[in-house]
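Letter by letter, the chains look like this.
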There are 2 protein chains.
Amino acid sequence: MPEFIYRINLSQMTAVKENIDNNLKGLGGRGLTSSIIEKEVPPRSHPLGKNNKLVFAPGLLAGTPAANSGRLSAGAKSPLTQTIKESNSGGTAAKLFAKTGIKALIIESIPEDKENWYGIRISPSAVKIEKTDLVGKGNFEVIKILSEKNNNTGIISIGTAGEMKMAAANISVKDPDGKIRSLGRGGLGAVMGSKRIKYIVIDSNDSNEVYIEDREKFKKASKKFAKTLLDHPVSGTGLPTYGTDVLINLLNEAGGLPTKNFSSGQFEGHDMISGEKMHNLILERGGKIKHGCHEGCVIKCSQIYNDADKNYVTSGFEYETIWATGANCGIDDLDILAKADSIMDDIGIDTIETGVAIAVAMEGKVLEFGDKKGFLNIIEKEIAQGTFLGRIIGAGAETTGKIFGVTRVPVVKGQGIPAYDPRAVKGIGITYATSTMGADHTAGYSVTANVLNVGGLVDPLKKEGQVELSRNLQIATAALDTAGLCIFVAFAVLDNKEAMSSLIEMLSAKSGTKMTENDITELGASVLKTEKRFNEKAGFHAEHDRLPEFFTEEPLPPHNVLWNFTDEEIDEFWNF
Amino acid sequence: MPEFIYRINLSQMTAVKENIDNNLKGLGGRGLTSSIIEKEVPPRSHPLGKNNKLVFAPGLLAGTPAANSGRLSAGAKSPLTQTIKESNSGGTAAKLFAKTGIKALIIESIPEDKENWYGIRISPSAVKIEKTDLVGKGNFEVIKILSEKNNNTGIISIGTAGEMKMAAANISVKDPDGKIRSLGRGGLGAVMGSKRIKYIVIDSNDSNEVYIEDREKFKKASKKFAKTLLDHPVSGTGLPTYGTDVLINLLNEAGGLPTKNFSSGQFEGHDMISGEKMHNLILERGGKIKHGCHEGCVIKCSQIYNDADKNYVTSGFEYETIWATGANCGIDDLDILAKADSIMDDIGIDTIETGVAIAVAMEGKVLEFGDKKGFLNIIEKEIAQGTFLGRIIGAGAETTGKIFGVTRVPVVKGQGIPAYDPRAVKGIGITYATSTMGADHTAGYSVTANVLNVGGLVDPLKKEGQVELSRNLQIATAALDTAGLCIFVAFAVLDNKEAMSSLIEMLSAKSGTKMTENDITELGASVLKTEKRFNEKAGFHAEHDRLPEFFTEEPLPPHNVLWNFTDEEIDEFWNF
C-alpha cells in the first residue's frame, strides 16, 4: 500500500494528498511530526495563530503485529512552552491511521469564518472537512455520539479546555473500550482548538494490511520482542499488577516523591494513594487490574477503576496523575483523584500540568494543601466552566505562579515538572533541564537506572553518570517515539539484548533494509537535533536548559539534597 | 559631602553604609542601578525571590540647580519581562536622596518572618528599618499619613498592587504637591512588595548642598541649559500648554495611534480625549494646565485635572495613559480616564500595562471595546480587590493574552507595547524590539524625528534611517537617564547645539573633569551594553529582539502598512 501525507488547509477548506519527501520516508511518529514542524512552522509564530500547524503521525511500526506499537504522535509549536512539541498516546487511532496509508496528517491555517467548528473524517478513499455542532461537549459524549454509527472508528477529539484554548489542554484518543487516552502535555489541545477542529474520525478498513517488506521475518522478530516484554519483571509483572501507580511507594521510599508543591520528597499519605492500595480497591470493587490502552499491548498497565458502588469511574489512572493531584496537592484519597481524573479526561486537560498548577495556587493561598472539596471544585467547576480561576489553572503552572506571585514554581521552559523530584532523582533532572519539550519525564526516563535498577544502577543522589544516562535515554526515546512504541518497552530493551535485536529486526523487516543499533541511535540523535534547531530559532538557548532557582536553594527532605549541577555540566548533555 | 551606598539586607535587618567602587563613581541613575543589578543579581534568579535586589539611585545631576534633573531611577530584575529593568520618575525623592549623599540604596533579600511589613527611614545620619501597619492602604493615604509630621520628606511607596506582587505594579513617588509620580514600567512595585517594603521616607536636610566641583561654571551652564529648554517649541510651548496629551491628535493624524488593541491607527473618538480637549476642560473647571512633577522642572507638562464640579481628580495625566485606557480600549471619555488614572495611582499599577492588558481582555471577549462601565469596574473593583480577573490584568498583557487565548498580543519581552504603532512609526518599532527593557517608548523616543520633526525628519512609514535613529536615541537616553534628566530635555538637545554643550559643561563642572560629547555617547553605550550582558545571561538573544507576529501580517489602517524589517536589519542595531 502506498504511503502519503494528507494536508488540510482550513482557510481554503481543502484536503490534499501529497507524496512524501524522500528525506522523510524513514520517519514516523515523533521523528516525522518534529521534522515537519521544524521545516514548515516559523519558529517565532504564535502557537494559536494561523502559521502554527498541527501534525498527527502514527509510528513506523503502527498497524504491524509488533507489540506495543500503537502510539500516535501529534506535533506543533506549543502554547505552553513556546518550543517544538511532540506528545503521544495509545488508543485505536494510530493503527487505523496506518491502515489508511497516511504517514502524517498536517492541519494548517485557521477557518476564515470566525465562528464555525469543524470535524475531519478520514477514510481510505477520502479526507473530508465537515461542520459540527458538537462544540461545548465533553470528550466522552463526543466519542459516544461519533461512535453511534460505527464503533470501529478511531476518534481524536478535544474537550472544552481545548475549545477555550487553555495552554494545558490536551488531545484525546478513543481507546479500545471507548474510554480516553490522552496526548497529554504541552497544550496541543489548544492548538487544535485554535483551528476550531473538534474531532477527527478515522474510518479505515481494518482488513487492510500495512506494508511489510519481509512479513515472515517480521513475524518471528515480533514474537521474540513480545516475549522480552513479558519476561521483564517491570513490564511483565510490576506494571500489569499494580499499574504505573506502583511508583508511589517506590518514589516515597526514595525520598523523591514531590509533595505539597515540591516542599518535601515524602508524602505522609502515600499508602492511601499507592499502587498496592489501588490494586486492592480494584479487586474489591470488581474492576480490572489489567487493561491495554491499545490493541497489541502486552503490558497492560492500565486498569478499570470502579467506585465503592462498583460503578466505573476511570481507567488509564496513571502514577503521574495520582502524584500531581495527590501527593503534590496533599490529597490522600484515591476516589477523589479518580473522579478528578475522569473529569479532566472529559474536559480534555493535562492531569500533570493541572495538578502542578493547583499546587502552585495552593502555595499562593488560593486554597489549602489537602483541601479535597476545594480541589475538586477547581476541576469540576472552575476549569470546566472556564471561570477566571479555571482559566488561570488551565494556563498551566508557570502562569499560575505569575498570577499569584509564587516563587516556588516547578517548571522548565514553561512546562510543569512531573512526578520525580530532580534533587533526589538527579538523572531525571537532567532530562527536565535539557529536553526539547520542557520538563518531561517521558523524554528520558532515567528513573530506570536511578530508582528501578533497570539498565544498571546510577545513584540518584549523586551527579556522576546522570548526564550520560539522560543523553542515552533521550536519544533512545526519540527513536522509540519515532517507531511508535510505548516507552515501557524500554525496560526490556535496557536489560535484555534480545529486545533490542528483535526491535532492529522488526524495523529492518518492515522497510526491507538492514538496520543496526547504530542506525537507531543516529535516528534518535537526529530527531533531537531537529527539535533543538527549531527551539534555538524560537529563542531557546543554554540559559533555558536550567531548573528553577529554588531547587538549588531549598534542601529536599528527607535527604536534604539540592540540585547542584553547574551550567557546564548540564550543557555537556548536547555533546553528541 | 562624601557620597556612598546604603545596603539594606532584609534577612539580617541591617542597613550598612558602603564606599562606592571606583568604577561606579562616574555613574548615577540608570547607569548605576543597571551596573549594580548586572553585577550582583544572578540573571536566572526569580524576580520575586530573595536573590533579586531593588536599587534606587538619583541621577548624576540630582540635587543640583540643573533644570529637569529630578528623576529617580529604580532597578531590579523585572517580574514582568524577566530582563534587567530600570524605571524612573520625577517627584521630590531624587533631590532629597542626593542631599543625604546617598548615590544608591540597595535593598536585598527578604525578611525571615513570613508576615510583617516594613518601612525604611532615611535621614542624613542614619537609615532605619521599621515595622509598619500601613499595609493594605493606597498610595494617597500612605503619603498623607507619612507626611503628617513632616511635609518636606521624600516618600516612595507601593500600593496594593505591589503588595499582591502583580507584575504590572509600579512604585510611587510623592510629587511637590503631595500627589503621585510613578516609576511605571516593569513591575518594580512587585519586587518591592516581594521584599515586604511598603514605603521609604527620605528626611534630608534640604539646606545641604550636593557637591559641585566648579559651582560658578555650573551655574552659568545650567542657566544656558534651562533657556534652551524654554526656547524649544515642544518643551517651551507645546508641552506646557497641552501636556503630553497633545500627541493624541498628532498620532491620530499620522495614523499611528493604536486603537482597540492595535487593530487600527486612528481612533474615531480622538477629539474627545485630545490634549486640546483636556486644555479646554482644565481651563473651564479651574484646574491648572502647567504643573511640574519635581522642583526645578521648567517644562511643566503635568497639569491639575478637575471634574465637572471643579474637584481635583488627577495630575500627571499623560498621553500614554490616555492612549492605553482610551483609544486602545475604545473609551472616549476623559473624565472616566482621569478617574481611572487616579485609582491606578492609588493602587500603584502601571497605566500603560493595565490599558494594554484590558484591551487584550476585550479582544478575548471578557468585555466589549468601549464598555466604560466594565472598564472602570476592572480597575476599581477587580484589580483593586485582587479578584482572579484583577490578578490576570495585573499580571500584564502577555499573561492576559495567554489566559484568554488571544493571538493579537502587543508585547516585546513580556512588556506591553505603548502608544505608538510600530507599523506606522517604524523608528519606535526598532526601539521596542531592541530595548533592553522590553517594549518601552522612553528608551529611544524616535517619535521625535518620525512625527515631531525634532532632530530632523525620518519618514515614519519607511525603513530607511530608523535603526540608526533608534540607536542614537537609545544611547543618548541611557546617558540622560544616568544624569537623572527628564527625557523631554532631548527635544532641545536634538535641535540646539547649545543644549548639548551646556549639558556637557554641567556634567564637567559637577565632577571637575573635562567631558566631551564623545564621553556622553560612550557612557550611554556602555550602560546599554551592561544591560544587554545581563539579559543575555538571563536567556535573551537576538530572537527576542522581535515584534509580535501580527505586526508583520495585519496591515494597519489607514496607511495599511506592515512591520517589514528583516531580522538582519533589526540586529544591525547592536553594531556599536
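The structure displayed is predicted, hence computed values, not measured ones.

Engineer: What am I meant to see in the overall build of chain A here?
Structural biologist: Counting its secondary structure elements, chain A contains 22 helices and 17 strands. On the principal axes, the C-alpha backbone points of chain A span a range of 60 × 55 × 50 Å. Every one of the 576 residues in chain A was classed for burial, and the buried ones make up 66%. Put simply, 72% of the contacts in chain A that link residues at least 6 apart link residues at least 24 apart. Of the roughly 19,200 Å² that chain A leaves accessible, carbon and sulfur atoms contribute 48%. Charge separation in chain A, taken as the distance between the mean sites of 65 positive and 73 negative side-chain charges, equals 5 Å.

Engineer: Even after reading the chapter, I still don't get the packing of aromatic side chains, so can you show me in this structure?
Structural biologist: Given two aromatic rings, their pairing is described by the distance between the two centres and the angle made by the two planes. Under the counting rule described, the total for this entry stands at 26 aromatic pairs over all chains. A ring pair is formed by tyrosine 420 of chain A and tyrosine 445 of chain A, whose centres lie 5.5 Å apart and whose planes are at 80°; its orientation type is edge-to-face. Remark: tyrosine 445 of chain A occurs in the loop between helix H16 (426-434) and helix H17 (447-452) and tyrosine 420 of chain A occurs in the loop between strand E17 (415-416) and H16; sequence separation between them is 25 residues. Like tyrosine 445 of chain A, tyrosine 420 of chain A is buried. With 5.1 Å between their ring centres and 85° between their planes, phenylalanine 573 of chain A and tryptophan 574 of chain A make a pair best called edge-to-face. Grouped by ring-pair contacts, the aromatic residues Phe262, Trp323, Phe550 and Phe551 of chain A constitute a single cluster. The lysine or arginine in question, lysine 17 of chain B, covers the ring of phenylalanine 4 of chain B, its NZ or CZ lying 4.2 Å from the ring centre. Between the NZ or CZ atom of lysine 463 of chain B and the centre of the ring of phenylalanine 565 of chain B, over which it lies, the distance is 5.8 Å.

Engineer: For this particular structure, what's the right way to read the relation of the copies chain B and chain A?
Structural biologist: Once turned by 180° and shifted 0.0 Å along the axis, chain B lies on chain A with an RMSD of 0.0 Å. What we have between these two chains is a two-fold relation. Taking C-alpha positions as the reference, the residue of chain B nearest the rotation axis is phenylalanine 388 of chain B, at 2.9 Å. A shared interface surface links the copies, since 100% of the contact residues of chain B are contact residues in chain A too.

Engineer: What exactly am I supposed to notice about the environment of leucine 562 of chain A here?
Structural biologist: All names here are of chain A. Note on placement: leucine 562 falls in the loop between helix H21 (517-537) and helix H22 (567-571). Each C-alpha atom, one on leucine 562 and one on alanine 397, is 22 Å from the other, the two residues being 165 residues apart in sequence. If sequence neighbours within four positions are ignored, leucine 562 has contacts with Arg423, Lys426, Phe551, Thr552, Glu553, Glu554 and Pro555.

Engineer: How do you make sense of the interface of chain B and chain A when you look at a structure like this?
Structural biologist: How big an interface is tends to be stated in terms of accessible area lost as the parts join. Counting residues at the interface gives 34 residues for chain B, matched by 34 residues for chain A. Both faces considered, chain B and chain A share a buried interface measuring about 3,000 Å² in area, 54% of it formed by carbon and sulfur atoms. Viewed at the interface, chain A and chain B are joined by two salt bridges. The salt bridge partner of lysine 50 of chain A is glutamate 553 of chain B, with a shortest N-O separation of 3.3 Å. At the junction of chain B with chain A, the criterion picks out 22 residue pairs in polar contact (both at pLDDT 80 or more). Class assignment of the residues belonging to the side of chain B that touches chain A gives a composition of 13 nonpolar, ten polar and eleven charged.

Engineer: Which parts of the structure should I look at to understand the side chain of arginine 471 of chain B?
Structural biologist: Residues and elements named next belong to chain B. Of note, arginine 471 is situated in helix H18 (residues 466-483). Put simply, arginine 471 is tucked away with no salt bridge, and the nearest opposite charge, on glutamate 572, sits 4.5 Å away. At 2.9 Å, the side chain of arginine 471 and the backbone oxygen of glutamate 572 are in polar contact. Arginine 471 has contacts with Glu572, Phe573, Asn575 and Phe576, leaving out every residue within four places of it along the chain.

Engineer: Mind showing me how you'd approach the sheet that holds strand E14 (residues 302-306) of chain B here?
Structural biologist: Pairing between the strands of a sheet is mediated by backbone hydrogen bonds and can be parallel or antiparallel. Residue and element names in this part refer to chain B. Here we have three strands laid out as an open sheet, ordered E13-E14-E15, and antiparallel in their pairing. The open sheet has two edge strands, strand E13 (288-291) and strand E15 (312-315), and neither has a second partner. With strand direction ignored, the average angle separating the axes of adjacent strands in the sheet is 25°. Summarising the sheet, E14 and E15 pair through three bridges and their orientation is antiparallel. Within the sheet, the bridge partner assigned to isoleucine 304 lies in E15 and is serine 315. The sheet strands contacting helix H9 (residues 275-284) are E13 and E14, and the helix crosses E14 at an angle near 60°.

Engineer: Explanation requested: the side chain of arginine 71 of chain A in the structure shown.
Structural biologist: All names here are of chain A. Examined against the element boundaries, arginine 71 turns out to sit in the loop between strand E3 (53-58) and strand E4 (72-77). The buried charged residue arginine 71 lacks any salt bridge partner; its closest oppositely charged side chain belongs to aspartate 481, at an N-O distance of 6.4 Å. Those residues in contact with arginine 71 that lie beyond four places of it in its chain are Pro58, Gly59, Asn88, Ser89, Gly90, Ala94, Cys293, Gly484, Leu485 and Cys486.

Engineer: Help me understand the nonpolar core in this model?
Structural biologist: Most often, soluble globular proteins keep nonpolar side chains buried together rather than apart. Membership of the largest hydrophobic core comes to 317 residues, with the highest contact counts inside it found for Phe56, Ile156, Ile200, Trp323 and Tyr420 of chain A together with Trp323 and Tyr420 of chain B. Sequence-distant contacts of isoleucine 156 of chain A, that is, excluding residues within four places in its chain, are made with Phe56, Leu72, Ala93, Phe97, Ile171, Ser172, Val173, Met192, Lys198, Tyr199, Ile200 and Ile202 of chain A.

Conventions and cut-offs
- Residues numbered from 1 in each chain as written.
- Chains lettered and ligands numbered in written order.
- Predicted model: local features only at pLDDT ≥ 70, side-chain atom pairs only at ≥ 80, totals over all residues.
- Heavy atoms only, no water.
- Helix = DSSP H or I, 4+ residues; strand = E, 2+ residues; numbered from the N terminus.
- Buried < 20%, exposed > 50% of the residue type's maximum accessible area, 1.4 Å probe, protein only.
- Contact = heavy atoms within 4.5 Å.
- Areas by Shrake-Rupley, 256 points an atom, 1.4 Å probe, with all protein chains shown as cover.
- Lys, Arg positive; Asp, Glu negative; His and termini not counted.
- Charge placed at Lys NZ, Arg CZ, Asp CG, Glu CD.
- Phe/Tyr/Trp six-rings, centres within 6.5 Å; stacked < 30°, edge-to-face > 60°.
- Lys NZ or Arg CZ within 6 Å of the ring centre and 35° of its normal.
- Least-squares fit on C-alpha atoms with pLDDT ≥ 70 in both.
- Buried area = accessible area lost by both parts, 1.4 Å probe.
- Salt bridge = Lys/Arg side-chain N within 4 Å of Asp/Glu carboxyl O.
- Polar contact = N/O pair within 3.5 Å; in protein donor to acceptor, adjacent residues only side chain to side chain.
- Nonpolar A, V, L, I, M, F, W, Y, C, P; charged D, E, K, R; others polar.
- Pairing = 2+ DSSP bridges.
- Axes fitted to C-alpha atoms, helices over the stretch in contact; angles between N-to-C directions.
- Core = buried A, V, L, I, M, F, W, Y, C linked by side-chain atoms within 4.5 Å.

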